[in-house]
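Spelled out from the first residue to the last, the chains are:
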Amino acid sequence: MTLPDIANNFLQKSIVSLDQFDRKSVETLFKTTDTLREQVEGARVIRLFEGIIATLLFYEPSSRTFSSFATAVKKLGGQTIEYQNPNQTSSAVKGETLEDTVNVFENFADIIIIRHAQAGAVKKAAEAAFSKPVINAGDGAGEHPTQALLDLYTINRKHGTLDNLTGLIAGDLLNGRTVHSLLKGFSLFKKNTVYLLSPKQLRLEKSMKENIKKKGVKLIEIEKETDIPKHCDFWYWTRVQKERFADLKDYERVKHSFILTPELVKKKAGTDTILLHPLPRVGEIDPRLDSDPRALYLTTQIRNGLFVRMALLSLVLGKI
Ligand code: NCD
């Protein structure tokens, strides 16, 4: 079964990949996000989710995404059933399949939000669901659609557009699921150029690169920090994904290939270059940058994630 296109109608659809989106659907999501953010920032209590229950099944560790989804549901007046590490705390311990677990929780919850260590597992879960939508909160080295949507929202809010931008994505492009979704997101917009900076072993996979290029994004692979063009609209730094390495020695060799420092920013960034990172960071951003007004990773980017998730859940559940 293929995943449904959103085609500007989110109602009851599972959200697994940025492939399901088109430009209009992203714009609708952002408009809804703006509406909800105004209400939250105006300290208004929103009760759109009265009686709604969301199940969170997180088979992989998470702090931001888990809390962001849980907060989104609760801010809207809904409730959550929360499983962190279901491999140890749910019937998965007894050998229950992910598909069965999803079918069970459908009896209780209106929506099921899943993070899983295997790429493709959330799609399988969505296909197994009888009647409730499933949201991908990160599937292995596959995708992380809501992270990409909040990244795009953040860039759009800062630059007022998602067309004609030049950006840099650095780090683990092979395994970084947020990067995969983000590039697919950019491919929905026009005339964007993205520089890709990674160690050779962690380059974007060839077929994905070709697909993104075919859709019109200009991708330029670079190998050294000196090749970063001046004055990008955004820099998106990422962590080398330790958990995807079979041999930790290989990880150690590449983990700090590229570090974002105030010196590099001074040399290559412009006054409008926003600095993004999905987090967690593990040494690839110098904390001296945290107070730089262009550094959004610990503040605006995370906050935007809450609003984008509130909007997405509301649209999927038809509550707005
Ligand atoms: C990312 C993830 O889990 O893919 N974190 C997140 O959800 N914000 C990035 C990462 O773990 O490196």
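Above this text you will find the structure in question.
Residues numbered from 1 in each chain as written. Predicted model: local features only at pLDDT ≥ 70, side-chain atom pairs only at ≥ 80, totals over all residues. Heavy atoms only, no water.

Is there a simple way to explain the packing of aromatic side chains in this structure?
How two aromatic rings sit relative to each other is set out by the distance from centre to centre and by the angle between their planes. Under the definition given, this model contains 8 aromatic pairs. Ring geometry for Phe30 and Tyr153: centres 5.3 Å apart, planes at 70 degrees, overall edge-to-face. Highlighted residues: Phe30 in helix 1 (residues 23–41) and Tyr153 in helix 6 (residues 145–159), separated in sequence by 123 residues. With respect to burial, Phe30 and Tyr153 carry one shared label: buried. Pairing Phe58 with Phe66 gives two aromatic rings, centres 5.0 Å apart and planes at 85 degrees, and the pair type is edge-to-face. Of the residues examined, Phe58 reaches a relative accessible area of 0% and is grouped as buried. Its relative accessible area of 6% is what places Phe66 among the buried residues. (Phe/Tyr/Trp six-rings, centres within 6.5 Å; stacked < 30°, edge-to-face > 60°. Helix = DSSP H or I, 4+ residues; strand = E, 2+ residues; numbered from the N terminus. Buried < 20%, exposed > 50% of the residue type's maximum accessible area, 1.4 Å probe, protein only.)

Just checking my understanding: could you explain the pattern of salt bridges for this structure?
A side chain of one charge can pair with a side chain of the opposite charge when the charged atoms of the two come close. A full pass over the atoms with the stated rule returns 22 salt bridges. Here Arg177 ties to Glu60 by a salt bridge, and the two come within 2.9 Å at their closest N and O atoms. Of this pair, Arg177 sits in helix 7 (residues 177–186) while Glu60 sits in the loop between strand 1 (53–58) and helix 2 (64–75), and the two are 117 residues apart along the sequence. (Salt bridge = Lys/Arg side-chain N within 4 Å of Asp/Glu carboxyl O.)

Teacher, can you tell me more about unusual backbone geometry here?
Residues other than glycine predominantly adopt negative phi, and peptide bonds predominantly adopt the trans conformation. The residue after Leu279, namely Pro280, is reached through a cis peptide bond having omega 0 degrees. Here Pro280 is to be found in the loop between strand 9 (274–276) and helix 11 (300–316). Notably, His231 is not glycine yet its phi reads approximately 60 degrees, a positive angle. The class for His231 is exposed, based on a relative accessible area of 54%. Residue Leu279 is not a glycine yet carries a positive backbone phi of 65 degrees. Along the chain, Leu279 falls in the loop between strand 9 and helix 11. Owing to a relative accessible area of 12%, Leu279 belongs among the buried residues under this scheme.

So, to be careful, I would describe these as geometric facts and stop short of saying anything about function.
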